[in-house]
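Close look at the chain arrangement
Residues per chain, in single letters:
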Amino acid sequence: MSASNMIRKLVEKALYFKCLTPEIENAINTELTRLGYISDVDYEALELLMEEMDAGRIRLISSH
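Residues numbered from 1 in each chain as written. Predicted model: local features only at pLDDT ≥ 70, side-chain atom pairs only at ≥ 80, totals over all residues. Heavy atoms only, no water.

Per an unreviewed UniProt entry, the protein chain is named Acetylglutamate kinase, and its organism is Planktothrix serta PCC 8927.

Here it is, written out as structure tokens:
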């Protein structure tokens, strides 16, 4: 699976479960760090995730 697909799959998982867990967030950050850049498609996926969080449809789950 390509890194770009991995980021989109992680965003899809967060959208599906309606929550952003520390594990999903860490996996996204790891992929972004490994890549060193973000593609337009990945940016759009992450932008959608942030919009959903801002609208209150996705909750952020803390590690504590």
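Back to the write-up after that little detour.
**Some details on the packing of aromatic side chains**
By the definition in use, this model includes one aromatic pair. An angle of 85° between the planes, with centres 4.9 Å apart, marks the rings of Tyr-16 and Phe-17 as edge-to-face. Classification of Tyr-16 by relative accessible area gives exposed; the value is 66%. (Phe/Tyr/Trp six-rings, centres within 6.5 Å; stacked < 30°, edge-to-face > 60°. Buried < 20%, exposed > 50% of the residue type's maximum accessible area, 1.4 Å probe, protein only.)

**Brief notes about the pattern of salt bridges**
The final tally for this structure, using the stated rule, is three salt bridges. Across the salt bridge formed by Glu-52 and Arg-57, the nearest N and O atoms sit 2.8 Å from each other. By relative accessible area, which is 18% here, Glu-52 ends up buried. (Salt bridge = Lys/Arg side-chain N within 4 Å of Asp/Glu carboxyl O.)

**Looking at the side chain of Glu-52**
Within the secondary structure, Glu-52 is located in helix α3 (residues 40–54). Excluding anything up to four places from it in sequence, Glu-52 contacts Leu-15, Arg-57 and Ile-58. (Helix = DSSP H or I, 4+ residues; strand = E, 2+ residues; numbered from the N terminus. Contact = heavy atoms within 4.5 Å.)

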